[in-house]
Amino acid sequence: MMKMTFKAFAKNLFGANYERLRRSIFICLIVFWGLYITDWKVQIAPLIRYLMLSTFTAGVMWQALCSKDNAAKMQNIFMLPFDHQTFVFSYIAALGAYTIFTKTAALFAVLLAVGLWRPIEIFAGVVCMIIAVLMTAAVYSLLKILVCGYSLDGYIFYSQEDKKSYRVKQHRRFSVWRYLFRYLNSHKNYLINTAVMWCVALILPHFLGKMESLFVIPIGFAVLSLNTPICILLSCDPDLERAVRFLPGQKKAFCVPYCLFIFFCNMAANAIFLFSWQMKNSNVTILMILTAVFFALQSAILSVLLEWFYPVRDWKIESDLWHHPRKYVVPAIMLLAAGAVGTFPALIPVLLLLLAVEIVIFIILTADEIWRAV
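Values in this document were obtained by computation on a predicted structure and should not be read as measured data.

## What about the overall build of the chain?
Move 1: Within the chain, the regular secondary structure consists of 16 helices and zero strands.
Move 2: Counting only residues that meet the buried cut, the chain has 42% of its 374 residues in that class.
Move 3: Sequence-distant contacts, at least 24 apart, represent 83% of the contacts inside the chain between residues at least 6 apart.
Move 4: For the chain, the exposed area adds up to about 21,300 Å²; of that, 71% sits on carbon and sulfur atoms.

## Re empty space enclosed by the protein
Move 1: Within the structure shown, the criterion is met by two cavities of 30 Å³ or more.
Move 2: Considered as a void within the structure, the largest cavity measures approximately 160 Å³ in volume.
Move 3: Every residue lining the largest cavity is counted, 15 residues in all, and those nearest its centre are Thr228, Cys231, Ile232, Arg326 and Lys327.
Move 4: Elements represented by at least two residues in the lining of the largest cavity include exactly α12 (286-309) and α14 (329-343).
Move 5: A class-by-class count of the residues in the lining of the largest cavity yields eight nonpolar, five polar and two charged.
Move 6: The computed volume of the second largest cavity comes to approximately 60 Å³.
Move 7: Every residue lining the second largest cavity is listed: Thr291, Phe294, Phe295, Val341, Ile348, Leu351 and Leu352.
Move 8: A per-class count over the lining of the second largest cavity returns six nonpolar, one polar and no charged.

## With respect to the side chain of asparagine 270
Move 1: Relative to the helices and strands, asparagine 270 is located in helix α11 (residues 250-281).
Move 2: Asparagine 270 has contacts with Phe221, Leu224, Ala292 and Ala296, leaving out every residue within four places of it along the chain.

## Brief notes about the packing of aromatic side chains
Move 1: All chains considered together, the criterion is met by 13 aromatic pairs.
Move 2: With centroids separated by 5.9 Å and ring planes inclined at 55 degrees, the aromatic side chains of phenylalanine 14 and tyrosine 98 adopt a geometry described as tilted. Of this pair, phenylalanine 14 sits in helix α1 (residues 2-14) while tyrosine 98 sits in helix α5 (residues 84-114); the two residues are 84 residues apart in sequence, bridging distant segments of the chain. There is no split in this pair, since phenylalanine 14 and tyrosine 98 are both buried.
Move 3: Ring geometry for phenylalanine 273 versus tryptophan 277: centroids 6.1 Å apart, planes at 35 degrees, classification tilted. Placement of the pair is phenylalanine 273 and tryptophan 277 together in helix α11, with a separation of four residues, close to one helical turn. The residues phenylalanine 273 and tryptophan 277 share a single accessibility class, namely buried.
Move 4: Chaining the aromatic ring pairs together yields one cluster made of Phe221, Phe273, Trp277, Phe294 and Phe295.
Move 5: Over the aromatic face of tryptophan 117 sits the side chain of arginine 49, whose NZ or CZ is 4.2 Å from the ring centroid.
Move 6: Above the face of the tryptophan 308 ring, arginine 245 is positioned so that its terminal group lies 4.5 Å from the ring centre.

## Here we look at the nonpolar core
Move 1: Core analysis: the largest hydrophobic core is formed by 56 residues, its most contacted members being Tyr190, Phe254, Tyr258, Phe261, Ile262 and Phe273.
Move 2: In terms of residues, this core owes the most to one element, α11, which gives 14 residues.
Move 3: Core analysis: the second largest hydrophobic core is formed by 27 residues, Ala10, Leu13, Leu53 and Tyr98 among them.

## Looking at a nonpolar patch on the surface
Move 1: Taken together, the side chains of Trp62, Val139, Leu142, Leu143, Leu146 and Val147 present a nonpolar region at the surface, about 580 Å² in accessible area.
Move 2: With five residues, helix α6 (residues 119-148) is the largest single contributor of residues to the nonpolar patch.
Move 3: On the secondary structure map, leucine 143 appears in helix α6.
Move 4: The exposure class of leucine 143 is partly exposed, given its relative accessible area of 40%.

## So, the environment of lysine 41
Move 1: Counting through the fold element by element, lysine 41 comes out in the loop between α2 (19-36) and α3 (46-66).
Move 2: For the pair lysine 41 and alanine 113, spaced 72 residues apart in sequence, the C-alpha to C-alpha distance is 7.7 Å.
Move 3: When sequence neighbours within four positions are dropped, the list of residues in contact with lysine 41 reads Tyr36, Ala113, Val114, Gly115 and Leu116.
Move 4: Among the polar contacts listed, one links the side chain of lysine 41 to the backbone oxygen of alanine 113, at a separation of 2.9 Å.

Parameters at a glance
- Residues numbered from 1 in each chain as written.
- Predicted model: local features only at pLDDT ≥ 70, side-chain atom pairs only at ≥ 80, totals over all residues.
- Heavy atoms only, no water.
- Helix = DSSP H or I, 4+ residues; strand = E, 2+ residues; numbered from the N terminus.
- Buried < 20%, exposed > 50% of the residue type's maximum accessible area, 1.4 Å probe, protein only.
- Contact = heavy atoms within 4.5 Å.
- Areas by Shrake-Rupley, 256 points an atom, 1.4 Å probe, with all protein chains shown as cover.
- 1 Å grid on protein atoms, 1.4 Å probe; cavity = no way out; pocket = protein on both sides within 12 Å on 5 of 7 lines; lining within 4 Å.
- Points joined across faces, edges and corners; volume = space filled by probe spheres on them.
- Nonpolar A, V, L, I, M, F, W, Y, C, P; charged D, E, K, R; others polar.
- Phe/Tyr/Trp six-rings, centres within 6.5 Å; stacked < 30°, edge-to-face > 60°.
- Lys NZ or Arg CZ within 6 Å of the ring centre and 35° of its normal.
- Core = buried A, V, L, I, M, F, W, Y, C linked by side-chain atoms within 4.5 Å.
- Patch = residues over 30% accessible without salt bridge, like charges linked within 9 Å, V, L, I, M, F, W, Y side chains within 5 Å.
- Salt bridge = Lys/Arg side-chain N within 4 Å of Asp/Glu carboxyl O.
- Polar contact = N/O pair within 3.5 Å; in protein donor to acceptor, adjacent residues only side chain to side chain.

Structure below.
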């Protein structure tokens with residue numbers, strides 16, 4: 001019975017023929033071998049490696065447990081007679097295997113390739129990942145029991161949609177901004193991730209303060225562009241994507257406000273970064289502020305273009321979106337731009353001219369909306 005239940009969950013997560021598992025292992029082997037043959041080694045204390053593996057595994061496992069995308073699939077199993085203990089162990093085992101083999105395995109491959117490991121340390125790393133899975137599931141179950149009053153059975157992992165009825169004020173015109181703020185309000189984890197990025201922006205100058213400001217500040221802006229949740233709103237809501245693509249005139253009506261929304265989120269993090277830099281080094285200039293605007297806007301434009309032309313599809317749970325390799329495309333481009341600015345300062349006037357042109361284009365695109373609002 002337990003084997004059948006486990007296979008039901010595993011096939012849903014890994015694919016009917018476990019193709020996602022094979023693909024993930026193949027990619028991890030390529031990453032490991034590619035880094036290993038470079039003979040590039042980094043001295044990392046075993047305790048730090050165990051902490052990295054444990055925290056990363058726990059974070060991904062928590063996201064997987066909180067995902068509402070498995071609710072419909074769980075309903076199919078709940079319609080059949082099942083043993084609660086078997087259900088709990090099978091579900092945790094399948095979700096834990098998915099977390100370790102498709103997410104943590106990539107980090108483990110990198111650490112194995114660039115570090116010096118003894119056999120006992122490799123075994124300890126694997127044990128840390130397994131313990132992280134079990135501890136996360138235990139904490140999640142305990143919180144559900146305390147908050148919802150459930151018993152420890154299969155239903156404790158069923159994330160139901162919020163059934164509360166809200167009185168929504170009627171509006172004569174639609175608003176993408178209203179939708180975006182309502183969406184964030186209903187997904188508190190997105191807000192938490194944004195708050196974490198603001199904390200990173202606050203402490204980042206303390207690690208980068210000793211380096212040359214003209215080179216390191218653009219790097220800080222590039223790092224702060226890694227705010228995955230707000231850049232995947234089309235990918236994580238297939239119904240919205242279909243509506244946006246089906247209805248006429250939605251390319252401009254949705255993409256322009258969405259781009260500005262990401263820009264303001266990025267700019268908030270950049271502003272906190274500059275404030276912290278000013279408190280530590282007291283040398284923030286107008287040029288740095290304009291550079292912050294440039295990087296925030298470019299990151300927003302590229303993120304929206306990726307979402308429009310290359311949305312992430314065929315994902316199983318929300319964790320797949322948060323850890324999809326596409327999330328690194330925009331920050332990587334921003335890091336290259338930061339390196340170019342730091343190496344060739346003569347590029348700064350060109351970038352500022354590009355920024356001015358983009359601002360004018362945005363004003364033209366939103367002129368009718370501004371006119372009607374006034």
